[in-house]
Amino acid sequence: MDQKSVLVTGGAGYIGSHTVIELLNANYSVVIIDNLCNSSYEAVRRIEKITGKSVTFYKVDLLDKKAMVEVFKRHPNIGSVIHFAGLKAVGESTKIPLDYYHNNITGTVLLLQAMKENNVKDIIFSSSATVYGDPPIIPIPETCPTGATNPYGRTKHYIENMIRDLCTAEPDWNAGLLRYFNPAGAHPSGILGENPLGIPNNLMPFLAQVAIGRREYLSVFGNDFPTKDGTPIRDYINVVDLAKGHIAALEKLREKPGCVEYNLGTGKGKTVLEMVAAFSKAVGRDLPYKIVGRRAGDVTNLTANPAKANEELKWKAEVSIEESCASLWNWQSKNPNGLEDCPGDAPPESIICYI
């Protein structure tokens, strides 16, 4: 089957890089654009090491439309886009909301315009379970009312609506809006995993840095939620399972479904303290934590009902929490400083193109 190229925005990031691996394994050719603001070019090198295949990379910011248009012109075989690029921390978004609105929403508008100008009308969008806000239905179906409780979630919600409006106005567009729950784990090789720059904003990479000795203890944000141990419940999905969900969604777009939404999760929620216990078991010792105040915008329970994705995409999360914890520890123990110690972080001039 003749495969067109896929443009992956944010392809050097955590979920993006694992998805690029699965795309290459499925014999897609891939072009990555990433501004490397919260990622490393070393991730691209490691993608190539794992797959034995080359990837075209451009250091491009979504806010630079001229550069994006140039990428499309250089690669006229691009047939679809998987859009990961964006700022992504709930807590940070409450402190710098304008940065989030400008980067995520304006960047996506410019991306869609660049796609339209180059007649590329298939997009998979990296959305989030945060679009559900504080959901009245658990586990959460795609039909659950939406209404995010923080600026990060609102950018995802607005972008979903923007893409939906575009597909309605121009029926030759097709979009998969993938609402992620909580990605966890790393590539089973131990070669690639989450590599947050600075202080991690998410539970599992922070906990991994506690385990390796880079952080003194984990801060647990609140123990007064109405759950079994007072800590919030989330649906932790293995990053490789999540990546495979993108391949399934991309295949779905071949059917010209218009704009469709899918939850990518396991359907099984775990509290923060349950995840601390599971990861402590993988590490082989209890990891220190302290209870602190709640974060603005956090809700009690975000657990997926993934039945629609299971049925329509023929996709299902398969990796267990225990396996996710083991793969995360395998990655972190082999790479104690993530990718930060790797020489030559900047892409070589022969590969990068400052457009």
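Please read all numbers here as calculations on a predicted model, not as lab measurements. (Residues numbered from 1 in each chain as written. Predicted model: local features only at pLDDT ≥ 70, side-chain atom pairs only at ≥ 80, totals over all residues. Heavy atoms only, no water.)

Trainee: Explain the side chain of His 75 here, please?
Mentor: Mapped onto the elements, His 75 comes out in the loop between α3 (65-74) and β4 (78-83). Residue class for His 75 comes out buried when judged on its relative accessible area of 19%. In this structure the side chain of His 75 is engaged in a polar contact, spanning 2.6 Å, whose partner is the side chain of Tyr 58. (Helix = DSSP H or I, 4+ residues; strand = E, 2+ residues; numbered from the N terminus. Buried < 20%, exposed > 50% of the residue type's maximum accessible area, 1.4 Å probe, protein only. Polar contact = N/O pair within 3.5 Å; in protein donor to acceptor, adjacent residues only side chain to side chain.)

Trainee: Mind showing me how you'd approach unusual backbone geometry here?
Mentor: Cis geometry marks the peptide bond from Ile 138 to Pro 139; its omega dihedral reads -5 degrees. Along the chain, the position of Pro 139 falls in the loop between β5 (122-128) and α6 (151-169). If you check the backbone angles, Asn 27 has positive phi at about 70 degrees while not being a glycine. Relative to the helices and strands, Asn 27 resides in the loop between α1 (14-25) and β2 (30-34). On the basis of relative accessible area, Asn 27 is assigned to the exposed category, the value being 54%. Unlike most non-glycine residues, Lys 314 shows phi in positive territory, near 55 degrees. Counting through the fold element by element, Lys 314 comes out in the loop between α10 (307-312) and α11 (321-334).

Trainee: When you look at the side chain of Glu 261 in this model, what are you seeing that I'm missing?
Mentor: You can see Glu 261 is positioned in strand β11 (residues 259-264). Among the residues examined, Glu 261 registers a relative accessible area of 16% and is labelled buried. At 3.1 Å, the side chain of Glu 261 forms a polar contact with the side chain of Arg 164. In this structure Glu 261 touches Glu 142, Arg 164, Leu 177, Arg 179 and Lys 308, once residues within four positions along its chain are discounted. (Contact = heavy atoms within 4.5 Å.)

Trainee: Whenever I open this one, the sheet that holds strand β9 (residues 233-234) confuses me. Can you help?
Mentor: Each strand in a sheet pairs with its neighbour through backbone hydrogen bonds, running either in the same direction (parallel) or in the opposite one (antiparallel). One open sheet holds the 3 strands; their spatial order is β12-β9-β14, and the pairing between them is mixed. Strands at the two margins of the open sheet, each flanked by one partner only, are β12 (270-271) and β14 (301-302). As paired elements, β9 and β12 share 2 bridges and run antiparallel to each other. Of the residues in β12, the one forming a bridge with Ile 233 is Thr 271. (Pairing = 2+ DSSP bridges.)

Trainee: Help me out: how do you make sense of the nonpolar core in this one?
Mentor: Buried together is how nonpolar side chains tend to be arranged in soluble globular proteins. In terms of nonpolar packing, the biggest core is built from 67 residues, with Leu 23, Met 204 and Phe 279 touching the most fellow members. One finds Leu 7, Tyr 58, Val 60 and Val 71 within the second-largest nonpolar core, a separate group that totals 29 residues. (Core = buried A, V, L, I, M, F, W, Y, C linked by side-chain atoms within 4.5 Å.)

Trainee: I keep staring at the pattern of salt bridges and nothing clicks. Help me out?
Mentor: Where side chains of opposite charge bring their charged atoms close, a pairing between them can arise. The full count for this structure, using the stated rule, is 15 salt bridges. The closest approach of N and O atoms between Arg 254 and Glu 251, which form a salt bridge, is 3.0 Å. You can call Arg 254 partly exposed: its relative accessible area is 41%. A residue is classified by how much of its surface remains accessible, and Glu 251, at 30% relative accessible area, is partly exposed. Residues Glu 255 and Lys 252 are paired through a salt bridge, measuring 3.0 Å at the closest nitrogen-oxygen approach. Its relative accessible area of 53% is what places Glu 255 among the exposed residues. With a relative accessible area of 14%, Lys 252 lands in the buried category. It is possible to trace a salt-bridge network through shared partners that takes in Glu 160, Arg 164, Arg 179, Glu 261 and Lys 308. (Salt bridge = Lys/Arg side-chain N within 4 Å of Asp/Glu carboxyl O.)

Trainee: Explain the packing of aromatic side chains to me, please; I cannot follow it from the model alone.
Mentor: One pair of aromatic rings is described through two measures. These are the centre distance and the angle between the planes. Across all of its chains, the model carries 3 aromatic pairs by this definition. When the centroid spacing of 6.2 Å and the interplanar angle of 25 degrees are considered together, the rings of Tyr 101 and Tyr 158 count as stacked. Highlighted residues: Tyr 101 in helix α5 (residues 97-117) and Tyr 158 in helix α6, separated in sequence by 57 residues. Positioned over the ring face of Phe 225 is Arg 294, at 3.8 Å from the centre of the ring. (Phe/Tyr/Trp six-rings, centres within 6.5 Å; stacked < 30°, edge-to-face > 60°. Lys NZ or Arg CZ within 6 Å of the ring centre and 35° of its normal.)

Trainee: What's the story with the state of the cysteines in this structure? I'm lost.
Mentor: The bond known as a disulfide is covalent and runs between the sulfur atoms of two cysteines. All told, the structure shown has 0 disulfides when counted by the stated rule. Looking at the unpaired Cys 259, the closest cysteine sulfur is the one in Cys 167, lying at 4.5 Å. (Disulfide = S-S within 2.5 Å.)

Trainee: So what exactly am I meant to see when it comes to the packing of helix α7 (residues 203-212) against helix α9 (residues 272-283) here?
Mentor: Relative orientation and spacing of two packed helices are given, respectively, by the angle between their axes and the distance between those axes. Two elements in contact, α7 and α9, have axes whose closest approach is 11 Å; the angle formed by their N-to-C orientations is 40 degrees. Classified by the angle their axes make, α7 and α9 are oblique. The hand of the α7/α9 crossing is right-handed. In contact with Leu 203, Met 204, Leu 207, Ala 208 and Ala 211 of α7, α9 contributes Val 272, Met 275, Val 276, Phe 279 and Val 283. Classifying every residue of the contact of α7 with α9 by side-chain character gives 10 nonpolar, no polar and no charged. (Axes fitted to C-alpha atoms, helices over the stretch in contact; angles between N-to-C directions. Parallel < 35°, antiparallel > 145°, perpendicular 65-115°, else oblique. Left-handed = near helix turned anticlockwise from the far one by under 90°. Nonpolar A, V, L, I, M, F, W, Y, C, P; charged D, E, K, R; others polar.)

The values reported here are purely geometric and, on their own, carry no functional implication.
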